[in-house]
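Coordinate analysis (summary)
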Amino acid sequence: MHKIIGVAGFFTFTAILSPLTAADPLAWIHFTRHDKQTVLYNGFYMYYADREKPLEFTIDVPPDPDHKLAFQWVAKHGAIRSMVVEINGKQVTLNHAARGNGQQPFFWKVIPVADFGIKKKKDNGNYQLRILYPKNAEDDAVIAGFRLIKNDSQLVQDQLALTRHKVTPVSPGVLSAQERLALRVDRKSSRQRIHAQWVGKEKLTDAEIKNDEFLAAAVKFGDTVITHGRDTYGPKKTPMFVKLLHRERLESPATICFQPPALGGPSHPVVQTQFDRSQNLLRTLAGISQATGNPKYAEAASDALIHMFEEFSAPGSGLFIFGHHMTIDLEHDRAYSDGRSGDIFELGSVFPFYQFWHSVDPKKTEQFIKGCWEAFVRDWHTMHYNRHASFHKQVNFTQTWHRPLLPVKDLPEKMEVLGFLGVGLDIAQGGYYLGCLHDDAKPRAWAKRYYEVLSYHRDAKTNIWPMLLYTPSIRRNLEVYWEDFPDANVTEPRVIISSWIHSMPMFFLGSLGSVEMAKLHGHNFQDIHTRIDEWILGYMAAAYDRKNHELRSIILDGTDVTDHVFKPGKALHGWGAREGDSFAPQTPGAKFFVALAKAYRLAGNGKKESYWSYLRDFFKGAKFGDIGAKPGDKPAFNPEVIPEPAHILSLVDIYRVHQHPELLKFIEHLGRKLIASRHDPKSGLFSRPPGYRDTYRSNKNHREPWECISTSEKLREFGYERPMVVALDVIEPLALLAVHACRTGRFENIPQWLGGGQWGSDDDGHIVSTDHERWFDRDKLKMHYEKQSTWLQAKGYAINKRWFPEQEGN
């Protein structure tokens, strides 16, 4: 007979609290990251039963028929989950259905040891436990540990004194002392590298910093971040950075986790962060230390990265919790996925700050990059990948670059995987950066091969790269285009329409990052650089309407589908398409300016003229004035224009080529306007101005309620026009550091900005959210919960005092 017992809470473990009592189990183990090959799922380490080799344990308690074995079972979404339990040679199969929202998936599944033929109490001996995957099972069981008990009351206590008592893991066993030591970072060596590579040789005085208004604003921001922006939100204080801060309270709001309590998430709003969305903050802090000679900013960035390496890594893969689907709960020091059935690793135009990572710990950075390649790449000839991968693949780090490097030819056109281009560009860039940072030709060669594969199916007419590596079965109703555009070969990889237009500058910037690394390290990358230039210029020629300063929705061969009206029953599924309407042409965002300017700076003379022509039209179209028909012409700038930080970064790239005094004066002028419009002099933080307006809209005629509204319109319910809660992973301080670098001629101090920033943000990293603002307004928060009560109850939430911020004085 098998018994199911619910689990009220989740396990946390501390040092020994007191001697064992009758309330404690007879023996137990709850898995940790020090148990080999465990998998992290929503903050808990687990084993899946579907393994090549069985799990094996010795329980050092003499057998007794009154004993029961209780497995902490995790019934995630899915089918019937099963495992075979073997005790002292006798096997029993356990099954249980998955549980959905509103039902606790962590529970105890109890089986008497008498079911395994144990009929007599013994004075000595032990239990030999094996866990296997049954043949023909629908899905595998997932367990977080087990306890040997005499009565069910020994399952009530959540917090035990030790993670393991009288249980010896046999296979796969536990990490050795040396393997555990390898999880740590050598802090002394790391600090030495950070000081040598990211701290300016000349330490500026406070007066010298104050004398440069651009540097002073960036430093004020950095001071606030390292003083108030680190994790103070749970029992364990960590060097992690929060994602958001209130400009006056200098506190982070709590938000509801995507993972509901029914799937292991927290039962109340928590302060969250995501390290993939802190990469521009790391660049800012490193840049401030470079400019000022003060190490504290780079050290703070280093401490956060070390914490990720040491506390959130998967030892088998070298990866740590990272990517679009993962969040870290700073109150409980746990990681969760975004509500899916497992922890999902997805890159996609993140382009991490690998140069800094490498300074912090070269080996762990190497393992992370190799882990990305090993986790994503499913075939090393086609290089195909799915956008989702696992953190927990067991990687042989010695083999990554030692496979046969075959010529890129005879690749298939179709494959049933969603290999979105942004993921492949992230993988390729990681390999190339590692090859430069380690001075190793092998990862550079593999990265170059990856770029060749990513561009293999580029359009023969336009040279535009596809948006997916291979073509899956037609979906999203794209066949509606076949009738009106029969010769355009319309498939999902071959459309750049609506919102996908705004992905292009991130793709370009990420690719150009590898071009710049090759130049900095003196490596030949010309063949790939040529392909990238042809891709960017081919896209611009096909999509950019110079007259109206608009980007059109196109097929890869250049076919313009912007004005195509979707007939009843024939609208696309996705991209915001509506029947009876057509896609709106898009205004180029500021990232496009940076992509073109960086391409211009890095291009050879054969391509510079083309890039300059587009840049001139871009700046004229955005009302910045005329940069001149050719670089030597005197510019005519518009001093009234309101810049975004990326506009300044684009002009800085142009200045680095020609260093014209007129351009520097204009850059300084825009820097002052940026400070005046976005910088809070009291807190040092940056916010979008009230008049900032999103320009994206899906359709030409119908405007969605959230489209094309200003900052002040978004905040109307709060009675103020500028957001109080702002993001830290913003690029205003990067732009100001770039202005300072131009004034001093220290171009090497300009951190390489490749896009990234907050998922869901626009060009500057900001997110203006009523949910964030509402956390600090108790009355509005209460009304919001009342309106959302049905949804909250369905997710398993119960509103209590932890759903509100602590009141001052408490």
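Position labels on residues start from 1 in each chain and follow its written sequence. Where local features are concerned, this predicted model is filtered to residues with pLDDT of at least 70; where side-chain atom pairs are given and counted, the filter is 80 or more; whole-chain, interface and lining totals use all residues. In computing side-chain properties, one takes all heavy atoms of the structure into account and sets aside hydrogens as well as water.

Observations concerning the overall build of the chain
Cut-off, in case you're wondering: Numbering goes from the N terminus for both helices and strands, where a helix is a DSSP run of H or I of at least four residues and a strand is a run of E of at least two. It is over C-alpha atoms that the radius of gyration is taken, and the globule rule equals 2.2 Å times the number of residues to the power 0.38. The rule is simple: take the accessible area with a 1.4 Å probe, protein chains only, and divide by the maximum for that residue type; under 20% is buried, over 50% is exposed, in between is partly exposed. Note on contacts: a residue pair is in contact if any heavy atoms of the two residues lie within 4.5 Å. Methods summary: accessible areas were calculated by the Shrake-Rupley approach with a probe of 1.4 Å, and residue burial reflects only the protein chains presented.
The helix and strand inventory of the chain stands at 22 helices and 27 strands. Taken over C-alpha atoms, the radius of gyration comes to 28 Å for the chain, in line with the 28 Å a tight globule of 810 residues would show. Along the longest, intermediate and shortest principal axes, the C-alpha atoms of the chain span 95 × 65 × 55 Å. Classification of the 810 residues of the chain by burial places 60% in the buried group. In the chain, the share of contacts with a sequence separation of at least 24, taken over all contacts with a separation of at least 6, comes to 75%. Approximately 32,000 Å² of the chain is accessible, and the part contributed by carbon and sulfur atoms is 49%.

Some details on the packing of helix α16 (residues 645–658) against helix α19 (residues 732–744)
The cut-off we apply is this: Note on method: axes are straight lines fitted to C-alpha atoms, helices fitted across the in-contact stretch only, with angles between N-to-C directions ranging 0 to 180 degrees. When an angle is under 35 degrees it counts as roughly parallel; over 145 it counts as roughly antiparallel; between 65 and 115 it counts as roughly perpendicular; any other value is oblique. Each crossing gets its hand from how the near helix is turned against the far one by less than a right angle, where anticlockwise is left-handed and clockwise is right-handed. Under the grouping applied here, Gly and all other residues not named as nonpolar or charged are polar, the nonpolar ones being Ala, Val, Leu, Ile, Met, Phe, Trp, Tyr, Cys and Pro and the charged ones Asp, Glu, Lys and Arg.
At a minimum axis separation of 9 Å, α16 and α19 run at an interaxial angle of 25°. The angle between α16 and α19 places the two elements in the roughly parallel class. Considering the relative orientation of α16 and α19, their crossing is left-handed. Across the interface between the two elements, Pro645, Ile648, Leu649, Val652 and Tyr655 from α16 touch Glu732, Leu734, Ala735, Ala738, Val739 and Cys742 from α19. In terms of residue class, the contact of α16 with α19 is made up of 10 nonpolar, no polar and 1 charged.

Examining the packing of aromatic side chains
How two aromatic rings sit relative to each other is set out by the distance from centre to centre and by the angle between their planes. Note the following rule: Pairing of aromatic side chains requires ring centres within 6.5 Å, counting the rings of Phe and Tyr and the six-membered ring of Trp. Pairs whose planes differ by under 30 degrees are stacked, by over 60 edge-to-face, and all others tilted. For a Lys NZ or an Arg CZ to count as sitting over a ring, it must be within 6 Å of the ring centre and within 35 degrees of the ring normal.
Tallied over the entire structure, the rule returns 52 aromatic pairs. A connected cluster of aromatic rings, assembled from ring pairs, spans Phe275, Phe309, Phe320, Phe322, Phe345, Tyr354, Trp357, Phe368, Phe376 and Phe391. The ring of Trp575 has Arg476 lying over it, and the distance from NZ or CZ to the ring centre is 4.7 Å.

Concerning empty space enclosed by the protein
The condition is simple: Using a grid of 1 Å spacing that covers the protein atoms alone, one calls a set of points a cavity when a 1.4 Å probe fits there but cannot get out, and a pocket when the set is open and has protein on both sides within 12 Å along at least five of seven lines; lining residues are those with an atom within 4 Å of a point. Grid points are joined across faces, edges and corners, and a volume is the space filled by probe spheres set on the points.
Scanning all chains against the criterion turns up 2 cavities of 30 Å³ or more. When its volume is computed, the largest cavity comes out at roughly 100 Å³. As for the largest cavity, its lining consists of Trp612, Ile627, Pro631, Asp633, Pro635, Phe637, Leu651, Ile654, His658, His660 and Leu663. At 3 residues, α16 tops the list of elements feeding residues into the lining of the largest cavity.

Comments concerning helix α8 (residues 362–376)
The following threshold applies: To estimate the expected span of a helix, subtract one from its residue number and multiply by 1.5 Å. Identification of polar contacts relies on pairs of N or O atoms within 3.5 Å, with a donor-acceptor requirement for protein atoms, meaning one able to donate a hydrogen and the other able to accept it, and with residues adjacent in sequence counted only if both atoms are side-chain atoms.
Along its 15 residues, α8 runs 21 Å from first to last C-alpha, staying within 8% of the 21 Å computed at 1.5 Å per residue. The element α8 is largely enclosed, with a buried count of 12 among its 15 residues. Those residues of α8 that sit buried are Lys364, Thr365, Gln367, Phe368, Ile369, Lys370, Gly371, Cys372, Trp373, Glu374, Ala375 and Phe376. In this structure Asp361 caps α8, since a side-chain oxygen of it lies 3.2 Å from the backbone nitrogen of Lys363.

Considering the environment of Trp357
Position of Trp357 among the secondary structure elements: in helix α7 (residues 354–360). Trp357 sits 287 residues away from Glu644 along the chain, and the two C-alpha atoms are 28 Å apart. The residues touching Trp357, leaving out its near neighbours within four places in the chain, are Phe275, Gln279, Leu282, Leu305, Phe309, Phe320, Phe322, Pro352, Thr365 and Phe368.

What about the pairing of strand β7 (residues 80–87)?
Put simply, the test is: When DSSP locates at least two bridges between a pair of strands, those strands are taken to pair.
Burial analysis of β7 places 7 of its 8 residues in the buried class, the great majority of the element. As consecutive antiparallel partners, β7 and strand β8 (residues 90–97) are separated by 2 residues, and within that stretch Asn88 has a phi angle of approximately 50°, a positive value. Note: β7 against strand β11 (residues 139–140), 2 bridges, orientation parallel. Across the sheet, the residue bridging to Arg81 is Asp139, located in β11. Judged from the 4 bridges that link them, β7 and strand β10 (residues 127–132) form a sheet pairing that is antiparallel. Within β10, the position partnered with Val84 by the bridge is Leu132.

Quick notes on the sheet that holds strand β19 (residues 326–329)
The 3 strands lie next to each other as β18-β19-β20, forming an open sheet whose pairing is antiparallel. The sheet is open, and its two borders are formed by β18 (272–273) and β20 (334–337), each paired with just one other strand. Here β18 runs beside β19; their pairing, made up of 2 bridges, is antiparallel. Across the sheet, the residue bridging to Gln272 is Asp329, located in β19.

Details of α19
Over its 13 residues, α19 extends 19 Å from the first C-alpha to the last, a length consistent with the 18 Å expected when each residue adds 1.5 Å. Of all 13 residues in α19, 11 are buried, a share of seventy percent or more. What α19 keeps buried is the set Glu732, Pro733, Leu734, Ala735, Leu736, Leu737, Ala738, Val739, His740, Ala741 and Cys742. In this structure, the buried side of α19 is in contact with α4 (213–228), α5 (279–292), α16 and α17 (661–678). Following α19 by one or two positions, Gly745 has its phi on the positive side, about 75°.

Looking at the side chain of Ser710
Among the secondary structure elements, Ser710 is positioned in the loop between α17 and α18 (711–714). For Ser710, a relative accessible area of 3% gives the class buried. Discounting residues that sit within four places of it in the chain, Ser710 has contacts with Pro690, Gly691, Tyr692 and Arg693.

Comments concerning the pattern of salt bridges
The cut-off we apply is this: Salt bridge, as applied in this entry: a Lys or Arg side-chain nitrogen positioned within 4 Å of an Asp or Glu carboxyl oxygen.
Tallying each qualifying case throughout the model produces 49 salt bridges. Its salt-bridge partner being Asp680, residue Arg247 comes within 3.1 Å of it at the nearest N-O pair. Residue Arg247 is found in the loop between β17 (244–246) and β18, and its partner Asp680 is found in the loop between α17 and α18; the two are separated by 433 residues along the sequence. A network of salt bridges, in which partner residues are shared, links Arg678, Arg688, Asp694, Lys714, Glu732 and Asp764.

Digging into the environment of Thr224
Its place among the elements puts Thr224 in helix α4. As a C-alpha pair, Thr224 and Trp482 span 258 residues in sequence and 55 Å in three-dimensional space. Residues contacting Thr224, with those up to four places away along its chain left out, are Gly229, Leu245, Leu250, Ser683, Gly684 and Leu685.

Focus on the confidence of the model for the chain
To be explicit about the condition: Confidence of the predictor in every single residue is expressed as pLDDT, which spans 0 to 100.
In this model, the chain carries a mean pLDDT of 91, and residues with pLDDT of at least 70 account for 94%. This model gives residues 7–18 a pLDDT under 50, and the stretch forms 38 contacts once residues within four places in sequence are excluded.

Some points on the side chain of His740
Here His740 shows up in helix α19. Judged by relative accessible area, His740 falls into the buried class, the value being 9%.

A few points about the nonpolar core
Note the threshold: Among the buried residues, those of types Ala, Val, Leu, Ile, Met, Phe, Trp, Tyr and Cys that are joined through side-chain atoms within 4.5 Å form a nonpolar core.
Among the nonpolar cores identified, the biggest contains 228 residues, and Phe71, Trp357 and Tyr539 are the most heavily contacted of them. Counting residues per element, this core draws most heavily on helix α14 (residues 590–602), which supplies 10 residues. If you look at the next biggest cluster of nonpolar residues, it comprises 7 residues, including Met46, Phe106, Val142 and Ala144.

Some details on unusual backbone geometry
The omega torsion across Ser171 and Pro172 is 5°, close enough to zero to call that bond cis. Following the sequence through the fold, Pro172 ends up in the loop between β14 (167–171) and α1 (177–181). Phi is positive for Arg476, close to 65°, though the residue is something other than glycine. For Arg476, the position within the fold is in the loop between α10 (441–454) and α11 (480–484). A positive phi angle, near 65°, is found at Asn477, a position not held by glycine. Residue placement: Asn477 occurs in the loop between α10 and α11.

Regarding the packing of α8 against helix α9 (residues 421–437)
Two elements in contact, α8 and α9, have axes separated by 10 Å at closest approach and are oriented at 140°. At the point where α8 passes α9, the crossing takes the left-handed sense. Two secondary-structure elements touch here, α8 through Glu366, Ile369, Trp373 and Phe376 and α9 through Val423, Ile427, Ala428, Gly430, Gly431 and Leu434. Of the residues assigned to the contact of α8 with α9, the class counts are 7 nonpolar, 2 polar and 1 charged.

Quick look at the pairing of β19
Side chains Met326 and Ile328 of β19 all project onto a buried face; the interleaved residues Thr327 and Asp329 project onto the opposite face, where all are buried too. One ladder, built from 4 bridges, connects β19 with β20; its direction is antiparallel. When the sheet's bridge partners are listed, Met326 is paired in β20 with Ser337.

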